[in-house]
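A closer look at the structure
The residues making up each chain are set out below.
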Amino acid sequence: MPDLPALPDRSRTAGARLRTERVTLGYGDRAVVTDLTTAVPDGKVTVIVGANACGKSTLLRGMARLLRPTGGSVLLDGEAIASLPSRQVARTLGLLPQDPVTPEGVSVVDLVGRGRHPHQGALRRWSAADEDAVAEALRLTDTLDLAERLVDELSGGQRQRVWIAMALAQQTELLLLDEPTTYLDVAHQVEVLDLLAELNEARSTTVVMVLHDLNLAARYADHLVAMRAGRIVAAGTPAEVITEPCVSEVFGMACRVVPDPVTGTPMVVPLGRAARHRTQEVPA
Amino acid sequence: MVALLSALLVTVFLVRITLGDFVVTLPDVVRIVTGTEIPGASYILMESKLPRAVLGVLVGLAFGVGGAIFQTTLRNPLASPDVVGVSVGASTAAVFTIVVLDQRGVALAAAAVLGAVGVAVGVRLLVGAHAGTRLVLVGVALSAGLYSAVQYLFTRADEWDTQIVLQWLIGSLNRVDWPTIQVLSLLLLVVVPVLVVLSRSARASELGDDAAAGLGVPPRRADLLLLVAVLLVGVGVAAAGPISFVAFLAGPIARSLNGGRTTLLGAGLVGAIIVVAADHVAAYAVPDVNFPVGVVTGAVGAPFLLWLLATGRTSRRS
């Protein structure tokens, strides 16, 4: 295992409303993320990558206040997120979980409207502001045409756009997404990520997401966090993080890193056994 | 939808208190309730028809709302309190109180509520935080065990007690009195406003635990709602026994009437309609035989349960 040079984590110098201080997160007695310190750069797209079970989803869940840290803390605007009221957190930080439940017979506009929950109180019910937020969320996600349709009837890509619209209606400055492209084919993956990139630019929403596909992560991330065994191996720009030694350490996989022909961001080409086998058979 | 159900409930209620073996006309009902004494009619109305109908409405509301909270919070139409053993828990405690402790009244009601809470906590501990099929299976197993305990107590009961014990097996409005109604209405008056506030988060909770937390629903909110539902069901059982399948049927029926959206108020109204209508059928369907209301609701509910299982509508996860 080659030694990695310590990468400059530029997020520490920039503003970071959401950060972790030596946080330990886990389920029961089992710690999945240990002693982890990181900061999410404001107004940027941060992507967390890593092998299965490396703790990337757990870190995201901790940042979203779904898990109470067993050590250290997650800080939102300088305060421990676990001690803030649920509603106040939900007005600042939105979350799209990996596997949300679509209630039977719910229409698109009804589902998106539920994103307004943290803005409504016991006395303050549905208002013009809520109406506007829902309309804007539908427009941004290009789902206005679907508004009256039932969510059950939609295709996977449409449904994911609707769920993102639900999170947008919440109108939070930070948006956390746990594998928003799972179950989608590659065209729909790109569509969803393009949408999130546009939102980040148009509203300077801080986006944090967990992604499986390294090449898409490299393409859409401003800030990339690579994790292994509950710790951060490298963090920085995709060009800084996606290197052959780093990928080899994070995923235990030999690869070449070449420039993406479309965007110029680093692109990982796995070597794999099958590939090696075939290059031997084909004469140069 | 609410207006329609309310109108239907009023209709069923009026049918229940006027028609039957002894017909009391509507003008007579008004006269009696406002204080005029009509020989015969007064006694029938004030001691039987009216209290039965009122208790039917209250118990139906409690079971309907309690059942719908269970089904929505646990996101499983099978997970109603009468299926997962909460109602049987209340019955067992009630029967134990009568047969072994020889207590009635407040002690009995308290025991029923404690029994309901005990089973709910027990199921929760056995199942863990994961709802779903496992919860239903554990509940069904626990119910079977509790039923056999009730049957055993039944064999030990005095002859006089067996009639009363039978009520806690089937559910019946036969032993109604006005004090029971007062206690039940008071409790509902306290619980319902609490529910209105708590259930505001139900629409967010339906989207799954993680999404609900992301929308700012406090983490313990679901447990709190379930506890209120357990109290409702426990109090209902204390007053009229576990009228089978009302908690189970009311939610899904109200839901389909409401275009597929969950409605607690709707579920309560449907529950009340079912109990009052079933009690009327139970009292007059067969001449000279006054069935307990639970016999009728059971006869209607069992096929519905089979239909749910057959069509695979046991989980709303997608």
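Residues numbered from 1 in each chain as written. Chains lettered and ligands numbered in written order. Predicted model: local features only at pLDDT ≥ 70, side-chain atom pairs only at ≥ 80, totals over all residues. Heavy atoms only, no water.

Turning our eyes to something else, we now look at the pairing of strand 10 (residues 231–236) of chain A. All names here are of chain A. As paired strands, strand 9 (residues 223–228) and strand 10 are joined by five bridges and run antiparallel to one another. Each bridged residue has a counterpart across the sheet, and for arginine 228 the counterpart in strand 10 is arginine 231. Connecting strand 9 to the antiparallel partner strand 10 that follows it, the hairpin turn spans two residues, and alanine 229 within it adopts a positive phi of roughly 50°. (Pairing = 2+ DSSP bridges. Helix = DSSP H or I, 4+ residues; strand = E, 2+ residues; numbered from the N terminus.)

Before going further, it helps to examine empty space enclosed by the protein. All names here are of chain B. One pass over the full model with this rule turns up six cavities of 30 Å³ or more. In this structure, the largest cavity occupies an estimated 90 Å³ of space. Around the largest cavity, the lining residues are Ile69, Thr72, Thr73, Ser199, Ala202, Ser205, Glu206, Ala222, Leu225 and Leu264. Those elements that provide at least two residues to the lining of the largest cavity are helix 3 (41–73), helix 9 (202–205) and helix 11 (221–240). When residues of the lining of the largest cavity are assigned to their parent elements, the largest contribution, three residues, is made by helix 3. Tallied by class, residues from the lining of the largest cavity come to five nonpolar, four polar and one charged. (1 Å grid on protein atoms, 1.4 Å probe; cavity = no way out; pocket = protein on both sides within 12 Å on 5 of 7 lines; lining within 4 Å. Points joined across faces, edges and corners; volume = space filled by probe spheres on them. Nonpolar A, V, L, I, M, F, W, Y, C, P; charged D, E, K, R; others polar.)

Together, Asp194(A), Glu198(A), Glu201(A) and Asp222(A) make up a region of like negative charge exposed at the surface. With respect to the element layout, Glu198(A) can be found in helix 6 (residues 186–203). (Patch = residues over 30% accessible without salt bridge, like charges linked within 9 Å, V, L, I, M, F, W, Y side chains within 5 Å. Areas by Shrake-Rupley, 256 points an atom, 1.4 Å probe, with all protein chains shown as cover. Salt bridge = Lys/Arg side-chain N within 4 Å of Asp/Glu carboxyl O. Lys, Arg positive; Asp, Glu negative; His and termini not counted. Charge placed at Lys NZ, Arg CZ, Asp CG, Glu CD.)

Residues and elements named next belong to chain A. Scanning all chains against the criterion turns up zero disulfides over all chains. Here cysteine 54 is not disulfide-linked; the sulfur of cysteine 246 is the nearest cysteine sulfur, at 12 Å. Here cysteine 54 falls in the buried class, since its relative accessible area comes to 4%. Considering cysteine sulfurs only, cysteine 246 is the nearest to cysteine 255, which forms no disulfide, with 9.3 Å between them. (Disulfide = S-S within 2.5 Å. Buried < 20%, exposed > 50% of the residue type's maximum accessible area, 1.4 Å probe, protein only.)

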